[in-house]
Amino acid sequence: MNLVSLQIKTSNNFETNLENLKKLITSCEENSIIVAPELAVVGFAYDRMNEASDFCEKIIEDLKNLSSSKAIAITTIVKEDDKFYNRLFIFYKNQIIHTQDKIKLFPLGEEDKYFSPSKQNSIKIIDIDGLKVATLICFELRFPILWEQIKGADIILNPSMWGVKRKDHYESISKALALVNQAFVIASNSANDNMAKGSAIISPFGEVLKDDSKDILNKRFDKNEIEKVRKYIDIGLNKKIC
C-alpha cells in the first residue's frame, strides 16, 4: 500500500479546485491511500455555504469514480436539516466506505458560528484491505481524549487547514501522534499562503517525510515498522495488530 499526502492550494473556484484534485489523484499509483487537505475543494466558504453544500454531490460522484483501486479521504461541506457539517468521506472501490463529521470546531476560525459539530462521535478505526485506519480532522489533533479512540490504528489520517502562525504546533503534534500511537500518520495540510503547509508522512518511529515545496508526498507502507516498534517498545498496542 502506498501512502499519499496532498499539499495543495484551494482557490475560490470550486470547479478548478476539483479538477486539480482529480488530476493529482489520477497521477497517484494504484493501491494508494490518498489524503487531501481539509475542505480542499470548497474551502471555508462562509459566504457560499449553500453553494458549497450543493457542489458536494459532484465531488462525491467524481471521487467515487476515481476510487476503484485507491482509497481517497476528503472533507467537504454538507447540509442536513438546515445545518452545515464539515464531513469526511472515504471512498474505496467506487463506494463511500466511511463518513465522519468534524466534532471539534476551531473557534478562532469561527467554525462554530457556521458549522454544527457532529451529532455523534463517529471517530473510529475502519478496515481498508486489512489495515486499521482512523481519522482526526485538523483541530481534533489537539484533543488527547480523541487519541484514545484510535489506539491500535495502523494508519491515522489528518486532513487539515492549519494556519501558518501555528506551524510548529501542527508539525509537533502530528509527529507526537505517530510516536504515541506507534502508527503511520498521513498529515495533509493546505498550501494556501496563510496556511502552515507541513504536510508529512510520519512513521511509527517518528521518521518524517515532508517537503513544503511539493504538492504530492508518498511513502510505501511497511507493516513491519509497526510490528517492530510495538514489540520492542511495548506500550500495550502490539496485541491490537491483525
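Note: the structure precedes this text.
From a predicted model like this one, the values you see are computed outputs, not experimental measurements. (Residues numbered from 1 in each chain as written. Predicted model: local features only at pLDDT ≥ 70, side-chain atom pairs only at ≥ 80, totals over all residues. Heavy atoms only, no water.)

Chemist: What's the story with the side chain of asparagine 17 in this structure? I'm lost.
Modeler: Along the polypeptide, asparagine 17 turns up in helix α1 (residues 14-27). Only 2.7 Å separates the side chain of asparagine 17 from the backbone oxygen of valine 41, close enough to count as a polar contact. Residue contacts for asparagine 17: discarding those within four places in its chain leaves Lys9, Thr10, Ser11, Ala40 and Val41. (Helix = DSSP H or I, 4+ residues; strand = E, 2+ residues; numbered from the N terminus. Polar contact = N/O pair within 3.5 Å; in protein donor to acceptor, adjacent residues only side chain to side chain. Contact = heavy atoms within 4.5 Å.)

Chemist: Is there a simple way to explain the sheet that holds strand β3 (residues 70-80) in this structure?
Modeler: Pairing between the strands of a sheet is mediated by backbone hydrogen bonds and can be parallel or antiparallel. Spatially, β5-β4-β3-β2-β1-β12 is the arrangement adopted by the 6 strands of the open sheet, whose pairing is mixed. Either end of the sheet is taken by a strand with one partner, and the two such strands are β5 (95-101) and β12 (216-220). The average undirected angle you get between the axes of adjacent strands in this sheet is 25°. The strands that α1 touches are β1 (2-6), β2 (32-35), β3 and β12; relative to β3, the one it contacts most, it runs at about 160°. (Pairing = 2+ DSSP bridges. Axes fitted to C-alpha atoms, helices over the stretch in contact; angles between N-to-C directions.)

Chemist: How should the packing of aromatic side chains be read in this particular structure?
Modeler: Describing an aromatic ring pair means giving the distance of the ring centres and the angle of the ring planes. Per the counting criterion, the structure on display carries 10 aromatic pairs. With a centroid separation of 6.0 Å and an interplanar angle of 65°, the aromatic rings of phenylalanine 44 and tyrosine 46 are classed as edge-to-face. A centroid spacing of 6.3 Å and a plane angle of 65° characterise the contact between tyrosine 46 and phenylalanine 115, whose relative ring orientation is edge-to-face. In this pair, tyrosine 46 is assigned in the loop between β2 and α2 (49-65) and phenylalanine 115 in the loop between α3 (111-114) and β6 (126-128), connecting sequence segments 69 residues apart. The ring of phenylalanine 14 has arginine 48 lying over it, and the distance from NZ or CZ to the ring centre is 4.0 Å. Lying across the ring of phenylalanine 143, lysine 104 places its NZ or CZ 4.7 Å from the centre. (Phe/Tyr/Trp six-rings, centres within 6.5 Å; stacked < 30°, edge-to-face > 60°. Lys NZ or Arg CZ within 6 Å of the ring centre and 35° of its normal.)

Chemist: I'm lost on the sheet that holds strand β11 (residues 208-209) in this one. Help?
Modeler: The strand order β6-β7-β8-β9-β10-β11 describes an open sheet built from 6 strands, whose pairing is mixed. Each edge of the sheet is formed by a strand with only one pairing partner; in this case those strands are β6 and β11. Taken together, the 6 bridges between strand β8 (residues 155-160) and strand β9 (residues 184-189) define a ladder with parallel strand orientation. When the sheet's bridge partners are listed, asparagine 158 is paired in β9 with alanine 187. The sheet contacts of helix α5 (residues 167-181) involve β8, β9, β10 (200-202) and β11, and relative to β9 the element is tilted by about 160°.

Chemist: What am I meant to see in the pairing of β2 here?
Modeler: The side chains of a regular strand alternate between both faces of the sheet. With burial as the criterion, each face of β2 is covered, one bearing Ser32 and Ile34 and the other bearing Ile33 and Val35. A crossover connection joins β1 to the parallel β2 through α1; in handedness this β-α-β unit is right-handed. Looking at chain direction, β2 and β3 are connected through 4 bridges and run parallel. The residue bridging isoleucine 34 from the neighbouring strand is isoleucine 72, located in β3. (Buried < 20%, exposed > 50% of the residue type's maximum accessible area, 1.4 Å probe, protein only. Right-handed = clockwise from strand over helix to strand, strands pointing away.)

Chemist: Any chance you could explain the layout of surface pockets here in plain terms?
Modeler: Rolled over the atoms, a probe with the dimensions of a water molecule shows which regions are left empty. Reported here for the largest pocket is a volume of approximately 600 Å³. Residue composition of the lining of the largest pocket, by class: 13 nonpolar, 8 polar and 7 charged. Of the voids in this model, the second largest pocket is the one considered here, and its volume is about 150 Å³. In terms of lining residues, the second largest pocket is bounded by Arg87, His98, Thr99, Gln100, Asp101, Ser118, Lys119, Gln120, Ser122 and Lys124. It is β5 that provides the largest number of residues to the lining of the second largest pocket, a total of 4 residues. Residues of the lining of the second largest pocket, tallied by class, amount to no nonpolar, 6 polar and 4 charged. (1 Å grid on protein atoms, 1.4 Å probe; cavity = no way out; pocket = protein on both sides within 12 Å on 5 of 7 lines; lining within 4 Å. Points joined across faces, edges and corners; volume = space filled by probe spheres on them. Nonpolar A, V, L, I, M, F, W, Y, C, P; charged D, E, K, R; others polar.)

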